[in-house]
Structures are given as structure tokens and as C-alpha cells.
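Given next are the chains, with one letter for each unit.
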Amino acid sequence: MTHPTPQTMGQQFGRRSWAEPWKIKMVEPLRVTTREERERALAEAGYNTFLLRSEDVYIDLLTDSGTNAMSDRQWAAIMLGDEAYAGSRNFYRLEATIQQYYGYRYVVPTHQGRGAEHLISRAAIRPGQYVPGNMYFTTTRLHQELAGGIFVDVIIDEAHDPQSLHPFKGNVDLDKLEALIRREGAQNIAYVSLAGTVNMAGGQPVSMANVRAVRSLCDRYGVRIFLDATRMIENAFFIQEREEGYANRSIAEILKEFCSYTDGAWMSAKKDALVNIGGWLAVNDAELFDELRNLVVVYEGLHTYGGLAGRDMEAMAVGIEESVQDDYIRARIGQVRYLGELLTDWDIPIVQPVGGHAIFLDARRFYPHIPQREFPAQTLAAELYLDSGIRSMERGIASAGRDPKTGDHYYPKLELTRLTIPRRVYTQAHMDVVAEAVKAVYDARAQTRGLRMVYEPKYLRFFQARFERLA
Ligand SMILES: Cc1ncc(COP(=O)(O)O)c(C=O)c1O
Ligand SMILES: N[C@@H](Cc1ccc(O)cc1)C(=O)O
């Protein structure tokens, strides 16, 4: 497979190159710190980038979640907030927007993605049931486990190989899924938990052919499919670019078709939907909706705000409309790829092909001398911060947590450090600076030592764990 470059992407769309379909109206100054300041800040943070203060960060690539820049239209929408406790006008607009673009019948707002994950897991999993999915996501799997479910990874093997150039590394392995259904019986499968794109695999997409095949397999056994639609717009872009028959279909059309093969979806709107907070859950089944609408008032807020202010729902509705614009998504992915190409040109090991929301550095190949139990990806995130004040995130053994049955660490094949690109926030020059910093850390790799975990919280340990440097 040849990797599309920003230039070939431009040509594909009949232009010389891509550029952001917006200009900058307001800026937020950045602070550059000294190496001594960063040494102090990182030690105080227990070598965990989640524990750094944002003031001590120069370029913040921790996450693309809630870190998006809103448009002037979204800021204007904020002023239209109807802050009624019940029946806010903004809810009805959001509901109609989700129905229009994602195509589901019934909508429940939530404060963010994990609020929705909590509700769907409680409503749709009976203790002891299996939940097959295309790779785990931390919060998703935890809510499934807390509801008594047993997560089973049914993604294709290529997804676990950072060097595989499979164009749809997010695909479900139909044989693995069918074998599980046959072994355990369809009544013991809660639902298929399908994510587009797959965050932990490197932002890798699922093809339309695959979701269609999963649908027909599930229909044969009477199993439901729920979609984590958090980054489905980015997934739609890859379908448009790579899948036969979709080059001339709009992102909005592709999105709707994809969702039509599933029974419902949840979303952390803090990503694709270009807002700083928000989420939702939507299903087609009236009975399930009834249950979810009842649960939301227990855990999130009334069913017409779900933990959100009216203004947040309005900004989200506008964000959804902006997110399905073909020009926008082309520039969004173009920027991620730009960084990926710089690093690839310098032979720095990253997950290929470059996915939708981030560049994932392959810490195993970066630090072959650091064993996985000494947290190579966490080490790399720490070193990158020390070098330049750039904040990234560990996505390896610390993130994977422990097997609830054995208590041992999960040892994921992927040991990655994620450089996550917020939407509409940084420029190409920032990407150049990031690439140069990664190169400097790479050049100094032989002297780098690993870490030891000295504090480990019970749930989602990577957020608050503390580490020390090994001598
Ligand atoms: C794929 C995916 N699903 C679900 C979530 C949970 O969303 P939130 O952070 O809004 O709770 C996230 C991010 O956390 C995510 O990346
Ligand atoms: N979903 C967000 C925030 C987050 C980060 C790490 C997690 O494991 C969970 C949530 C992200 O992927 O960046």
C-alpha cells in the first residue's frame, strides 16, 4: 500500500494541496519552560503526564478529547443556551441533529462518553455475558466489566502489529466473532461493541464491507451491535479515501450508511463533534430507550440535559454539522499525516498506516532495551516532555491495567506513546517542532532507562499512577 501524502490527497480532490478551511480569530499564548523547570514538574507529577499542570506544558498532545477549538458559530451558539431544567430547546435541536446525521431514532444526552458507556453497559449486559469488541478501550471495557460483562478482543490480528499496512486495521475478525458466538451461545453474548476508529490500535478504521458483514453475521445469531461513534467521522474519511465505491460519496452519507448497520451508538462528543464537553447515546429500540432514559436521571441528569448545560448541547449540534464537512475532515487528517510523514522520513518507528487522531510512537522499537514491565511507553512520554515540554500519553502496559480474574498485568502487544492532535488548535509549524523533539529523544535513546510504578490506583490506573526512575 502506498501512503497518501498531503499532496496526493490534494490531487485526489482536484487541488494542489490541502489547507485548513478556516482562519484564526483568537489566540492563546503558550509558555516555554526551561529544562530545570520541566525536571521539577515531571518529578512532582510522578513521571505521569496526566499529573502535569497544563501551565507547565508547551505543546499539549495528551489528547484530542475536549481540547478542540470551537468555531465562531459554536461560540455564538453558546449564547443561545436555554438553561431550563426540563425540555431545553437546545436538547431538541441536538436530538434532531443526531437523528439527521447518525440516523438513530432515540437520543439520550450524557455529560461525556463514559457516562453513556455506563448506561449502555448497565442496560444491555447481564452478569456473565460476553462482550466481543474490536480491541478494548479503557473506559469502555471497565464499564462493561463493572456491569458483569467479559470483554473479548475480536479485532483482526493485523491491528496488533504496528508495521502491518492493512488499510482497515480496525476490522472485526469474523471467524473470531463467530467462534465466540458458537462456543458460548448467542444468548450469552450481550452485544458486539464496535468502535470506529479504533483508538488503542492507532486510530485505525473499520471498512464498510466489514460492518456490513458483522451485521449479517449478527443477524444470523440474533446478536445486537452497538457502536462507539466517538471518532466515526474520521472513520468515514478513511472509507471515502480507501474503499471501492465510496470516493464520490460524502462524509455525511458514509457516516449514515455505517451507522445504519448498527442498533445504536454512544459518543464522546469531545472528539469528532468539536466541543469541549458532551456525549450522547442513541438507539433504535423503544424498550431499550425506555430503560436508558430512566437510568440517565439516576446517574447523569434529566433526560433532556444528561449532565450538560443547554449551551453545551447547542454548541455540540453546530459542531456535528461542521464535523461532517468534507473539507474540514480532509485538513484534520492531513495535519496528522503531515506529522507522521516527517517522522517516517526520519525512520522513527510509528504505527503504520497513520490513523485518524494521533501519531503513535512504537516504544518497543524505540527502546528495545527497556522490558515492558519497566514501562517503555511511559518512559518515552516522560523523556519527550523533558526534552521540549511536549505532552503525550502512554498507551501500553500501564493503560492496559490488570486482568480482573488473575490480578496480573495485561501485557498488550502494542506498547505505544500517543501524540494526539487536538482539532483546529495547532499549526503545521507546531508539528515541525514536535517532530524535531521526537527525533532528539530518539537520538538519545540508548542512554534512557525505564520506570518503576510506585503508586497504582484500582481503576484506570494510568490516569493517576506514579512512577520513579530506575537507576
Ligand atoms: C474511543 C473512545 N470511547 C470512549 C471514550 C470515553 O469518552 P469520555 O472521555 O468522553 O468519557 C473515549 C475517550 O475517553 C474514547 O476515545
Ligand atoms: N478518550 C480520551 C480521554 C481518555 C484518555 C485515556 C483513557 O484511557 C481514557 C480516556 C482519549 O482517548 O484521549
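Residues numbered from 1 in each chain as written. Chains lettered and ligands numbered in written order. Predicted model: local features only at pLDDT ≥ 70, side-chain atom pairs only at ≥ 80, totals over all residues. Heavy atoms only, no water.

**Some details on the site of ligand 2**
Line of reasoning, step 1. The environment of ligand 2 is formed by 14 residues, the closest being Thr63, Thr138, Lys271, Arg418 and Phe462.
Line of reasoning, step 2. Note that an oxygen atom of ligand 2 is positioned 3.5 Å from one of the side-chain N or O atoms of Arg231.
Line of reasoning, step 3. Between ligand 2 and the protein, one listed contact pairs a nitrogen atom with a side-chain N or O atom of Lys271 at 2.7 Å.
Line of reasoning, step 4. For ligand 2, whose free accessible area comes to 330 Å², the fraction covered by protein is 93%.
Line of reasoning, step 5. Mapped by element, the contributors of at least two residues to the shell around ligand 2 are helix H6 (138–146) and strand E9 (393–395). (Near = heavy atom within 4 Å. Polar contact = N/O pair within 3.5 Å; in protein donor to acceptor, adjacent residues only side chain to side chain. Areas by Shrake-Rupley, 256 points an atom, 1.4 Å probe, with all protein chains shown as cover. Helix = DSSP H or I, 4+ residues; strand = E, 2+ residues; numbered from the N terminus.)

**Here we look at the site of ligand 1**
Line of reasoning, step 1. Neighbouring ligand 1 are 13 residues; Gln112, Arg114, Asp228, Ser268 and Lys271 lie closest to it.
Line of reasoning, step 2. The side chain of Asn199 places a nitrogen or oxygen atom 2.8 Å from an oxygen atom of ligand 1.
Line of reasoning, step 3. Between ligand 1 and Ser268, the relevant distance is 2.6 Å, taken from an oxygen atom to a side-chain nitrogen or oxygen of the residue.
Line of reasoning, step 4. The biggest single contributor to the shell around ligand 1 is helix H5 (residues 113–124), with three residues.
Line of reasoning, step 5. Of the residues in the shell around ligand 1, the class split is one nonpolar, six polar and six charged. (Nonpolar A, V, L, I, M, F, W, Y, C, P; charged D, E, K, R; others polar.)

**Re the domain arrangement of the protein**
Much of the literature gives interface size as the accessible area that the parts lose upon coming together.
Line of reasoning, step 1. One can read the domain layout of the protein as domain 1 (6–60 + 326–469) and domain 2 (72–323).
Line of reasoning, step 2. One C-alpha centre belongs to domain 1, the other to domain 2; they are set 25 Å apart.
Line of reasoning, step 3. A combined buried area of about 3200 Å² lies between domain 1 and domain 2, and 57% of that area is made up of carbon and sulfur atoms.
Line of reasoning, step 4. Summed over the three residues of domain 1 that lose the most area to domain 2, namely Pro353, Leu414 and Arg423, the buried surface amounts to 17% of that side.
Line of reasoning, step 5. For the pair domain 1 and domain 2, the number of links is six salt bridges.
Line of reasoning, step 6. Between Arg424 and Glu322 there is a salt bridge, with its nearest N and O atoms 2.9 Å apart.
Line of reasoning, step 7. Summed over the shared surface of domain 1 and domain 2, the number is 16 residue pairs in polar contact (both at pLDDT 80 or more).
Line of reasoning, step 8. Residue contributions to the side of domain 1 that touches domain 2 peak at seven residues, all from helix H13 (residues 326–345). (Domains from an automatic or database assignment. Buried area = accessible area lost by both parts, 1.4 Å probe. Salt bridge = Lys/Arg side-chain N within 4 Å of Asp/Glu carboxyl O.)

**A short note on the confidence of the model for the protein**
Line of reasoning, step 1. In this model, the protein carries a mean pLDDT of 96, and residues with pLDDT of at least 70 account for 97%.
Line of reasoning, step 2. Taken together, the chains of this predicted complex give a pTM of 0.96 and an interface ipTM of 0.99. (pLDDT = per-residue confidence, 0-100.)

**Brief notes about the sheet that holds strand E8 (residues 358–362)**
Line of reasoning, step 1. Reading across from one edge, E8-E10-E9 is the order of the three strands in this open sheet, with antiparallel pairing throughout. Because the sheet does not close on itself, it has two edges, and the strands there are E8 and E9. Between one strand axis and the next, the sheet turns by 35 degrees as a mean value, whatever way the strands run.
Line of reasoning, step 2. Bridge count for E9 against strand E10 (residues 416–420) is three bridges, and the pairing is antiparallel. Bridge pairing in E10 links Glu394 to Thr417.
Line of reasoning, step 3. Helix H15 (residues 376–388) rests against E8, E9 and E10 of the sheet, and its axis sits at about 45 degrees to E10. (Pairing = 2+ DSSP bridges. Axes fitted to C-alpha atoms, helices over the stretch in contact; angles between N-to-C directions. Contact = heavy atoms within 4.5 Å.)

**Looking at helix H4 (residues 89–102)**
Line of reasoning, step 1. Over its 14 residues, H4 extends 20 Å from the first C-alpha to the last, a length consistent with the 20 Å expected when each residue adds 1.5 Å.
Line of reasoning, step 2. Check the buried side of H4 and you find it contacts strand E1 (106–110), helix H9 (232–242), helix H10 (251–260), strand E6 (264–268), strand E7 (279–283) and helix H12 (310–323).
Line of reasoning, step 3. Capping the start of H4, Ser88 holds a side-chain oxygen 3.1 Å from the backbone nitrogen of Asn90, two or three residues further along.
Line of reasoning, step 4. Positioned one or two residues after H4, Gly103 has a phi angle of 85 degrees, which is positive. (Expected span 1.5 Å × (residues − 1).)

**Description of the nonpolar core**
Line of reasoning, step 1. Counting residues in each nonpolar core, the largest one holds 62 residues, and the members touching the most others are Tyr102, Leu227, Phe258 and Trp280.
Line of reasoning, step 2. Among the elements that line this core, the one with the most residues is H9, at six residues.
Line of reasoning, step 3. Each of domain 1 (6–60 + 326–469) and domain 2 (72–323) gives at least three residues to this core.
Line of reasoning, step 4. Other than its neighbours up to four places away in sequence, Leu227 contacts Tyr104, Leu194, Ala195, Gly196, Met232, Phe258, Cys259, Thr262, Gly264, Ala265 and Trp266. (Core = buried A, V, L, I, M, F, W, Y, C linked by side-chain atoms within 4.5 Å. Buried < 20%, exposed > 50% of the residue type's maximum accessible area, 1.4 Å probe, protein only.)

**Some thoughts on the UniProt feature "modified residue: N6-(pyridoxal phosphate)lysine" (unreviewed entry) in the protein**
Line of reasoning, step 1. UniProt feature "modified residue: N6-(pyridoxal phosphate)lysine" (unreviewed entry): in the numbering of this structure it lies at Lys271.
Line of reasoning, step 2. Counting through the fold element by element, Lys271 comes out in the loop between E6 and E7.
Line of reasoning, step 3. With relative accessibility at 12%, the residue Lys271 sits in the buried group.
Line of reasoning, step 4. Of note is the side chain of Lys271, whose polar atom sits 3.0 Å from the side chain of Ser65. (UniProt positions renumbered as here; feature names shortened; annotations may be inferred.)

**Re a negative patch on the surface**
Line of reasoning, step 1. The grouping of Asp285, Glu287, Asp290 and Glu291 at the surface amounts to a negative patch.
Line of reasoning, step 2. Along the chain, Asp285 falls in the loop between E7 and helix H11 (286–299). (Patch = residues over 30% accessible without salt bridge, like charges linked within 9 Å, V, L, I, M, F, W, Y side chains within 5 Å. Lys, Arg positive; Asp, Glu negative; His and termini not counted. Charge placed at Lys NZ, Arg CZ, Asp CG, Glu CD.)

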